[in-house]
Structures are given as C-alpha cells and as structure tokens.
Amino acid sequence: MRGAGRGPAGAAGPATYKDIQRLTGLSLATISKHFNGGTVREPNRLAIDAAARDLGFRVNAVARSLRTRRSRTVGVLVPELDNDFHLSVVAGVERAFSAHGVSVLVRSGHRVGGSGGGAAELLDHQVDGIVAVPPAGEVDALRRAASRGVPLVLVDRLVSDLASDTVVLDNAGASQRVLDDLVAHGHRDLAVLAGPEDLWSLRERREGFRAAARAAGVPLGRGAVVTCPLTVEGGRAGMRRLLARRHRPTAVYATNHELTLGALTALADADVDVPGEVSFVGFDAARVAALTRPRTAVLVQPVREIAAAAVDLMRDRLDPDGDREAPARRLVLTGDYVRGGSVGPPAR
C-alpha cells in the first residue's frame, strides 16, 4: 500500500509498505496488520512507527476505509462538555487513541430541550465504535447501536440491559475510605452532598457511604443526605442548607467535582473555620484542593488510567483477529484518597 510522503532518499513517489519493510525487516503482513488496527508486538509497533516517521509515510485514510470498511474513527459521547471529569475522559481517550493512529469524534448528549442526538450523529459518521459516559437521554440510542453490532465501551456508569464493556471506579470503596478517615478523627455527625439517584456512579457513592457509616456504628441521621443538581450552584446551595441547621454536621462529604467546588464556595462565603467548625472531604477537585488552605482532602479518580483502559477494551473489540462476540468485560479501578488539612477532630 502507498501512503502520502516521500519514499527513501533518492526514490521517486510516496513511501510504501515495502519501504518500511526494508527499514524494519518485518513482514508485510505485520506492517499491514499494524496500520489496519490489529495488535502487533510492542517492539514491532515502535519500529514500524519510527520507520514511518523517517519515511514521511502516512496512510491514505480514504483508500483504507473503502478497502476495510472501517473509518479508523471512534466516537466519544459524554453528557456535557463543560464538566471537568467528562473533558478529562475525552482528553485521555484522544491521547491514547492517537498513539495508534485512530481519530476521535466527540459529541455530547446535551441538546436544547433535552432532545439528545449525539449517538445518532456518531453513527451517521460511520464511527467504528463508541466510548461513552452514557447520558440519560442517549441510552436507547446506545442500545440500538449495540443491536447493530457497534462496539461500545461505557465509562463511569452502568446501564441495565446494555451489553457492553465498562470501566468504572470502585465508588462504594471510595466512599468507604472517606468514611474511615472521618470516623478515625472522631466524627459521628456526618452529612453527604449527593447527586441525583438515577445516576449509577453517584448512587454507588452515596449508598457506599451510607453502608460504611452503618457498619461503623454511626448511621446517617435524617436529612444527612442532601440531593443536589450536579452543578457548582447545586453544591453551594446544598452546603448552605447544612450550615443553616441549628445543629450542623461536624463533617461533610461532597461526592462530585462540581458539588465540591460549590461546597467550598459556600464554606468561604460563610467564613466557616475548616476543619475547626466543619471538616470537609471533596471529590476529584485535586487542582483546586491543592490551592485551598488548609489543603482540602479529596478522593481522586484515576482518569488517565480509566481512559486508557477504555481504549484498550475498544481496540480489542476492533482488532480484526479479535473476538467481537466475547463476553462483556467490566474493569473496576481504585481511586486515590488524598488526605488534607480540611479533616480534623470535631469541635464538639
């Protein structure tokens, strides 16, 4: 196959697979397999990519897609594009796929009026597969895509009756680690800023914290779980509600990045001494946490590893030599609890 670019020094015309073969000593079959999305040994991949760079070789994407009936493009679908976690997933997936010569097309499930349509747009562009943080309004479209044989990898959220590979955080385990730290500091009056109950990951964090508290002998009291929209303003309003109580909780756990930012804003607005009056643990906002004084304790998701794992699962499904009918796999990754000065013993 010919590609764009020049052949070896002194040769006319674009570089070819045979030129790469001369430089690497690898078989044409191995070189072709690599450029058509197959998995080859890592030393061979590095040698082929180095030779391609030296030769200025680039695959003719149009010709390849016509021959293989594959676009070498994977869709990424997220609920919103103004969410830090979603953007981090997109960036991680794009970074990992680019190392394998695969393009990424991004769509969000947010549409005016909540009409959806992101998954349909990706399918219209003939993507080879879809990596999705599944928006609620796109679940039916994703089910239709799966029924058509389009490989799916779900990130962060599980969807019932949808056969797909998934990469998720151990959300219950993450909340258990937060609870353990708070209880170790002597806290018994706890509260949680939680997201909507219909989101699997947020539900797992909330119920994981509730179960851990019950097991530790400090069950959450009435009104201890405050359900908030997943926005900064939602977290701010939720924390204000907790601070306005006659008997404030001694420690608060925010279960999402935006809720964390909002809660920190409310604490600052009210000039609350953290942790002197209220201890606080956030979620994912590591960069913001590092700037607060005292430093905010946070549970951080391994976003780069989550994205890389999703890409590996998708590449396995797209491998010409792979088994697309293999049972769906679920990878569960562990978050990192970063301790901070925002957690101390209760004032009372």
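Up top you'll find the structure we're talking about.
Described in the following lines is the structure provided in the data block. Values in this document were obtained by computation on a predicted structure and should not be read as measured data.

1. A look at the packing of helix α5 (residues 84-98) against helix α13 (residues 303-318)
- Between α5 and α13, the shortest axis-to-axis distance is 8 Å and the interhelical angle comes to 50°. Looking at the two axes, α5 sits oblique to α13. For the crossing formed where α5 meets α13, the hand is right-handed. Within the contact between the two elements, α5 uses Phe85, Ser88, Val89, Gly92, Val93, Arg95, Ala96 and Phe97 and α13 uses Val303, Arg304, Ala307, Ala308, Val311, Met314 and Arg315.

2. Notes on the sheet that holds strand β7 (residues 165-169)
- Strand order in the open sheet formed by six strands is β4-β3-β5-β6-β7-β13, with parallel pairing between adjacent strands. Each edge of the open sheet is held by one strand with a lone partner, namely β4 (103-108) and β13 (330-333). Adjacent strand axes in the sheet meet at a mean angle of 15°, parallel and antiparallel pairs treated alike.
- Taken together, the three bridges between strand β5 (residues 129-132) and strand β6 (residues 152-155) define a ladder with parallel strand orientation. Bridge pairing in β6 places Ala132 opposite Leu154.
- The strands that helix α7 (residues 139-147) touches are β3 (73-78), β5 and β6; relative to β6, the one it contacts most, it runs at about 150°.

3. Here we look at the nonpolar core
- Grouped together as the largest cluster of nonpolar side chains are 24 residues, with contacts concentrated most on Val93, Phe97 and Val131.
- Listed by contribution, the elements that provide at least two residues to this core are β3, α5, β6 and α13.
- By size, the runner-up hydrophobic cluster in this structure holds 23 residues, among which are Ala174, Leu182, Ala251 and Tyr253.

4. A few points about the packing of aromatic side chains
- Evaluation of the coordinates by the stated rule reveals two aromatic pairs.
- Judged by centre distance (5.9 Å) and plane angle (45°), the ring pair of Tyr17 and Phe57 falls under tilted. Placement of Tyr17 in helix α1 (residues 17-24) and of Phe57 in the loop between α3 (42-55) and β2 (58-59) is noted, with a sequence separation of 40 residues between them.
- Classification of Tyr17 by relative accessible area gives buried; the value is 6%.
- Given a relative accessible area of 6%, Phe57 falls into the buried group.
- An angle of 40° between the planes, with centres 5.1 Å apart, marks the rings of Phe209 and Tyr253 as tilted. A residue pair is termed long-range when its members are at least 10 positions apart, and Phe209 in helix α9 (residues 200-215) and Tyr253 in strand β10 (residues 251-254) qualify at 44 residues. By the burial criterion, Phe209 is buried, and Tyr253 matches it.

5. Some points on unusual backbone geometry
- The amide bond that connects Val274 to the next residue, Pro275, takes the cis arrangement and shows omega of 10°.
- Pro294 follows Arg293 through a cis peptide bond whose omega is 0°.
- Structurally, Pro294 is set in the loop between α12 (286-291) and β12 (297-300).
- In this structure, Gln126 is a non-glycine residue whose phi angle is positive, near 60°.
- Mapped onto the secondary structure, Gln126 falls in the loop between α6 (118-124) and β5.
- Judged by its relative accessible area of 56%, Gln126 falls in the exposed class.

6. Overview of the sheet that holds strand β8 (residues 190-194)
- Taken in spatial order, the six strands of this open sheet run β9-β8-β10-β11-β12-β14, and their pairing is mixed. Single-partner strands in this sheet number two, and they are β9 (225-227) and β14 (336-338). Taken over all neighbouring pairs, the strand axes of this sheet differ in orientation by 15° on average, direction set aside.
- Taken together, the three bridges between strand β11 (residues 279-283) and β12 define a ladder with parallel strand orientation. Note on β12: the bridge partner recorded for Val281 is Ala297.
- Contacts from helix α8 (residues 171-184) reach β8, β10, β11, β12 and β14 within the one sheet, and its direction differs from that of β14 by about 30°.
- Helix α11 (residues 257-269) rests against β8, β10 and β11 of the sheet, and its axis sits at about 150° to β11.

7. A word on the pairing of β6
- What you see with β6 is no split at all: Leu152 and Leu154 on one side and Val153 and Val155 on the other are buried throughout.
- Note that the unit made of β5, α7 and β6 has a crossover that is right-handed.
- In this sheet, β7 lies alongside β6 in parallel orientation, the contact comprising three bridges. From the neighbouring strand, Val155 faces β7, where its bridge partner is Val167.

Calculation criteria
Residues numbered from 1 in each chain as written. Predicted model: local features only at pLDDT ≥ 70, side-chain atom pairs only at ≥ 80, totals over all residues. Heavy atoms only, no water. Axes fitted to C-alpha atoms, helices over the stretch in contact; angles between N-to-C directions. Helix = DSSP H or I, 4+ residues; strand = E, 2+ residues; numbered from the N terminus. Parallel < 35°, antiparallel > 145°, perpendicular 65-115°, else oblique. Left-handed = near helix turned anticlockwise from the far one by under 90°. Contact = heavy atoms within 4.5 Å. Pairing = 2+ DSSP bridges. Core = buried A, V, L, I, M, F, W, Y, C linked by side-chain atoms within 4.5 Å. Buried < 20%, exposed > 50% of the residue type's maximum accessible area, 1.4 Å probe, protein only. Phe/Tyr/Trp six-rings, centres within 6.5 Å; stacked < 30°, edge-to-face > 60°. Right-handed = clockwise from strand over helix to strand, strands pointing away.

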